Amino acid sequence: MDVKEKIKQIEKQIEETVKDIESSQTLLEIKMKFLGKTGEISSLMKNMRDVPPEERPSMGKLLNALRQWTEEKFDKLEAGLKSIELKKKYAEEKIDVTMPGIPVPDGAYHPNTLITNELISIFLGMGFEIFEGPEIENDYYNFTALNTPQDHPARDMQDTFYLAENLLLRTQTSAGQIRVMETKKPPIKILSPGKVYRSDDDATHSPMFSQMEMLVVDKGLTLCDLQGMLDEFVKKIFGSDVKTRLRPSYFPFTEPSVEVDVSCFECGGKGCRLCKGTGWIEVGGAGMVNRRVLEGCNIDPDEYTGFAFGLGIERIAMLKYGINNMKLLFEGDTRFLKQFKG
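The structure reproduced in this document is the subject of the present report. In this numbering scheme, every chain counts its residues from 1 along its sequence in written order. Totals for whole chains, interfaces and linings use every residue, but because this is a predicted model, local features are given only for residues with pLDDT of at least 70 and side-chain atom pairs only at 80 or more, for both listing and counting. Only hydrogens and water are set aside; all other atoms, that is, all heavy atoms of the structure, feed into the side-chain values.

### Details of the overall build of the chain
Scanning the chain for helices and strands turns up eleven helices and ten strands. Whereas a compact globule of 342 residues would reach a radius of gyration of roughly 20 Å, the chain reaches 39 Å, over 25% beyond that. Principal axes of the C-alpha set define a box for the chain whose edges measure 115 × 50 × 35 Å. A 1.4 Å probe rolled over the protein chains alone gives each residue an accessible area, and that area as a share of the maximum for its type sets the label: buried under 20%, exposed over 50%, partly exposed in between. For the chain, buried positions account for 39% of its 342 residues. Residue pairs in contact within the chain that sit at least 24 positions apart in sequence constitute 65% of those at least 6 positions apart. Calculation of accessible area relied on Shrake-Rupley with a 1.4 Å probe; when residues are assessed, cover is drawn exclusively from the protein chains displayed. Accessible surface, the chain: about 20000 Å² in total, of which carbon and sulfur atoms supply 52%. For the purposes of this entry, the term helix denotes a DSSP run of H or I that reaches at least four residues, the term strand denotes a run of E that reaches at least two, and both are numbered from the N terminus. The globule rule is 2.2 Å times the number of residues to the power 0.38, and the radius of gyration it is compared with is taken over C-alpha atoms. Residue contacts follow a heavy-atom distance rule, with two residues in contact if any of their heavy atoms lie within 4.5 Å.

Have a look at this one:
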């Protein structure tokens, strides 16, 4: 077939093919049919090598004109189709701003947050300052400065998450006591809340949990001052009839050390399932700051004494709100959380 005839035939075919086209995707397929590497116009141009040398200039001019005409036609059609498709998309995605919105239910504070805020409010009212230490600690602040012997079980790998030989995830917020006592002179009155980490996991323990530590250092402090503070604290958190009891215990960083119990606020001390029939519930550990700890922070233990008290936020939340499984505090189940909506 004569090349000129073939060009006319292609032009006519293009006109017929794009006449009723409705989408840019279909246009792209047609465009590839004519202008693609194996398209009809591309094939004609490849056949130029078979054209006699004297006819190539004129033939090349015709084929270039055909290619240019085809590209311009497709570009124009593509712009028109895309404009139509864009308007259609806008119409489909149109939002009626006068329609009522979908109501979003109010959120609720997590039990941990409720307890933390309540504790902070109570102790700020007693004149405490807030101190938040780092969650990644070194061995010195987490153990050594707190008078923990090198062979103490708390240092074992099965209890502590070590990141390096001398670096770990803190196991207690007590590490913050040392940082404060190293940089601040007595009188000291701080509250240190934060996350701590231990290798423990069951219905009442979690590998990550929240603690809050209270530290007071001043002249002439005794266990009576500690119990007075604890009495005020438990009355505000559990009720005005609740009392405290101190039992002898052992912690490396306090001497003497005590376990702190509160009279059962559920049964009034008569004995129930919550207090396991004893009338008392353990809430934390406390004691007078060990002389060695004070000396290590350059505080004269003959001039100053101190007391500290630590508790688990999750434990207090479980006791106050009657939660029987600690994992409920970490699962983020909205059915559980909405119960604490104020």
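### Points about a nonpolar patch on the surface
Residues with no salt bridge and a relative accessible area higher than 30% make up the patches, which join like charges within 9 Å and nonpolar side chains (Val, Leu, Ile, Met, Phe, Trp, Tyr) within 5 Å. The working definition used for a salt bridge is a side-chain nitrogen of Lys or Arg within 4 Å of a carboxyl oxygen of Asp or Glu. A grouping of Ile136, Leu163 and Leu167 is seen on the molecular surface, where their side chains present a nonpolar patch of about 260 Å² in accessible area. Residue placement: Ile136 occurs in strand S2 (residues 136–138). A residue is classified by how much of its surface remains accessible, and Ile136, at 46% relative accessible area, is partly exposed.

### Structural notes on the packing of aromatic side chains
Geometry of aromatic contacts follows a simple scheme: Phe, Tyr and Trp rings, the Trp one being its six-membered ring, pair when their centres are within 6.5 Å, and the pair is stacked under 30 degrees between planes, edge-to-face over 60, tilted otherwise. Summed over the entire model, instances satisfying the criterion amount to eight aromatic pairs. Look at Phe251 and Phe253: their rings are 6.1 Å apart centre to centre, the planes differ by 20 degrees, and that puts the pair in the stacked class. Its relative accessible area of 21% is what places Phe251 among the partly exposed residues. Where Tyr321 meets Phe340, the ring centres are 5.1 Å apart and the plane angle is 75 degrees; that geometry is what we call edge-to-face. Taken together, the positions of Tyr321 in helix H10 (residues 313–321) and Phe340 in the segment after helix H11 (334–337) put the pair 19 residues apart, joining distant regions of the chain.

### A closer look at the layout of surface pockets
For cavity detection a 1 Å grid was placed over the protein atoms alone, and a set of points counts as a cavity when a 1.4 Å probe fits there but cannot get out; an open set counts as a pocket when protein lies on both sides within 12 Å along at least five of seven lines, with lining residues being those that have an atom within 4 Å of a point. Grid points are joined across faces, edges and corners, and a volume is the space filled by probe spheres set on the points. In this model, the second largest pocket occupies a volume close to 240 Å³. Together, 18 residues line the second largest pocket, and Thr116, Pro193, Gly194, Lys195 and Ser210 are the ones closest to its centre. For the lining of the second largest pocket, the secondary structure elements donating two or more residues are helix H5 (111–124), strand S5 (188–197), strand S6 (208–218) and H10.

### A few points about the pairing of S5
Where a strand is regular, its side chains alternate between the two sheet faces. Where burial is concerned, most of S5 is hidden: eight out of the ten residues are buried. In terms of strand pairing, strand S1 (residues 129–130) meets S5 through two bridges, oriented parallel. Bridge pairing links Ile130 to Leu191 in S5. Across ten bridges, the pairing between S5 and S6 is antiparallel. Residue pairing for S6: Pro193 is matched across the bridge by Met212. Strands are labelled as partners when DSSP assigns at least two bridges between them.

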